[in-house]
Amino acid sequence: MGIQTAKLTRIVAATAMFVVSMLAIYVVHSLYFRVNVVFYSAIFDGVLATVLIGSLLCLLPWFRVLGGIEKAQLLVIWLLLGYGFAISVPTVLDRSLSFYILEKLDQRGGGIRESAFEDVFTKEYVKEHHLVEVRLTEQLESGTIAIDNGCVLLTDKGRRLAHISRFFRNNLLPKHRLLMGQYTDTLTDPFRHSSTAVDYQCK
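Residues numbered from 1 in each chain as written. Predicted model: local features only at pLDDT ≥ 70, side-chain atom pairs only at ≥ 80, totals over all residues. Heavy atoms only, no water.

## Regarding the packing of aromatic side chains
For clarity, the threshold we go by: We call Phe, Tyr and Trp rings a pair once their centres come within 6.5 Å, taking the six-membered ring for Trp, and we label the pair stacked below 30 degrees between planes, edge-to-face above 60, and tilted otherwise. Here a helix means four or more residues in a row that DSSP labels H or I, a strand means two or more in a row labelled E, and each is numbered from the N terminus. Burial status follows relative accessibility: with a 1.4 Å probe on protein chains alone, a residue under 20% of its type maximum counts as buried, one over 50% as exposed, and anything between as partly exposed.
Inspection of the entire model under this criterion finds seven aromatic pairs. Arranged with centres 5.4 Å apart and planes meeting at 5 degrees, the rings of Phe18 and Trp78 form a pair that is stacked. Of this pair, Phe18 sits in helix 1 (residues 3-32) while Trp78 is found in helix 3 (residues 68-88), placing the two residues 60 residues apart along the sequence. The class of Phe18 is buried, set by a relative accessible area of 0%. Residue Trp78 is classed as buried on the basis of its relative accessible area of 0%. Ring centres of Trp62 and Phe63 lie 5.1 Å apart, and the angle between their planes is 70 degrees; this geometry places the pair in the edge-to-face category. The buried category is assigned to Phe63, whose relative accessible area is 1%.

Written out as structure tokens, the structure reads:
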């Protein structure tokens, strides 16, 4: 067996071990341990799997054929894989309104009147997914908001992120986005027609 073939064999084996470990850690973490934020929890699982299998890279003689740079590259790749998994699978399923629509259609026998979807979102989605509690918990854990005497307040970190998000939305989101058969830029400024007559601001 040539040196390159030996290296490739070990890289594939180590990566397979990482994937299996990450999924196993994720399942155990999700089923048996407390989770504050799904995304952060899944990121932690990816990092833990990277540390675990990275340790084996350094300790097991079988992996000595791999150089230091190759091992470092593997660690970076695994961290990226862990991040990709965290944001693409559990986080998407946890947050996705699109998947909720599919699940709700299935729950209601396969069909719902289009005119009823606003009620479905406001009266069912928010309640069933505990949307307010989940999102406020995420922001509290992220340090972007604080709650004082029933008032939800932006922190300095939250204000900076809001400005960055607003800039990106206004300037870099698609200006011609398809919405129900029409191309529009309405989502680049969703507050464009937002009412100013509200009574829920903190005094």
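There is more to say after this.
## A short note on a nonpolar patch on the surface
Operational definition: What goes into a patch is any residue over 30% in relative accessible area without a salt bridge, connected to like charges within 9 Å or, for nonpolar side chains (Val, Leu, Ile, Met, Phe, Trp, Tyr), within 5 Å. Under the convention used here, a 1.4 Å probe and the Shrake-Rupley method define accessible areas, while residue burial counts only the protein chains that appear. Whenever Lys or Arg places a side-chain nitrogen within 4 Å of a carboxyl oxygen from Asp or Glu, that contact is recorded as a salt bridge.
Taken together, the side chains of Val27, Val28, Leu31, Tyr32 and Phe33 present a nonpolar region at the surface, about 560 Å² in accessible area. In this fold, Val28 is placed in helix 1.

## So, the nonpolar core
Rules: Buried residues of nine kinds, namely Ala, Val, Leu, Ile, Met, Phe, Trp, Tyr and Cys, make up a nonpolar core once their side-chain atoms join them within 4.5 Å. We call two residues in contact whenever any of their non-hydrogen atoms come within 4.5 Å of each other.
Counting residues in each nonpolar core, the largest one holds twelve residues, listed as Ala14, Phe18, Met22, Ile25, Ala49, Ile53, Leu57, Phe63, Leu66, Leu74, Trp78 and Phe85. Listed by contribution, the elements that provide at least two residues to this core are helix 1, helix 2 (38-59) and helix 3. In this view, Trp78 contacts Ala14, Thr15, Phe18, Thr50, Ile53, Gly54 and Leu57; residues no more than four positions away in its chain are not counted.

## Examining the layout of surface pockets
Stated precisely, the cut-off is as follows: Using only the protein atoms, space was sampled on a 1 Å grid; points where a 1.4 Å probe fits but cannot get out form cavities, open sets with protein on both sides within 12 Å along at least five of seven lines form pockets, and lining residues are those with an atom within 4 Å of a point. Grid points are joined across faces, edges and corners, and a volume is the space filled by probe spheres set on the points. Each residue is assigned to one of three groups, with Ala, Val, Leu, Ile, Met, Phe, Trp, Tyr, Cys and Pro labelled nonpolar, Asp, Glu, Lys and Arg labelled charged, and all others, Gly among them, labelled polar.
Here the largest pocket is characterised by a volume of approximately 490 Å³. Lining the largest pocket are Leu154, Ala162, His163, Ser165, Arg166, Arg169, Pro190 and Phe191. Among the elements that make up the lining of the largest pocket, the one with the highest residue count is helix 8 (residues 156-172) (five residues). Looking at the lining of the largest pocket, its residues break down into four nonpolar, two polar and two charged.

## Regarding empty space enclosed by the protein
In this structure the tally under the stated criterion is one cavity of 30 Å³ or more. Considered as a void within the structure, the largest cavity measures approximately 50 Å³ in volume. What lines the largest cavity is Leu173, Pro174, Arg177, Leu179, Thr184, Asp185, Thr186, Leu187 and Thr188.

## Some remarks on unusual backbone geometry
Glycine aside, negative phi is the norm for most residues, and most peptide bonds take the trans geometry. For Asn149, which is not glycine, the phi dihedral falls at a positive 50 degrees. Position of Asn149 among the secondary structure elements: in the loop between strand 1 (145-148) and strand 2 (151-154). We classify Asn149 as exposed; its relative accessible area is 79%. A positive phi angle, close to 50 degrees, is found at Met180, a residue other than glycine. With respect to the helices and strands, Met180 occurs in the loop between strand 3 (177-179) and strand 4 (182-184). Exposure remark for Met180: the relative accessible area of 74% places this residue in the exposed category.

## Some remarks on helix 2
Condition: By this rule the span expected of a helix is its residue count minus one, scaled by 1.5 Å.
Taking 1.5 Å per residue, 22 residues should reach 32 Å; helix 2 reaches 32 Å between its end C-alpha atoms and fits that length. Among all positions in helix 2, only Phe39, Ser41, Ala42, Asp45, Gly46, Ala49, Thr50, Ile53, Gly54 and Leu57 are buried.

These values are about where atoms sit, not about what they do.
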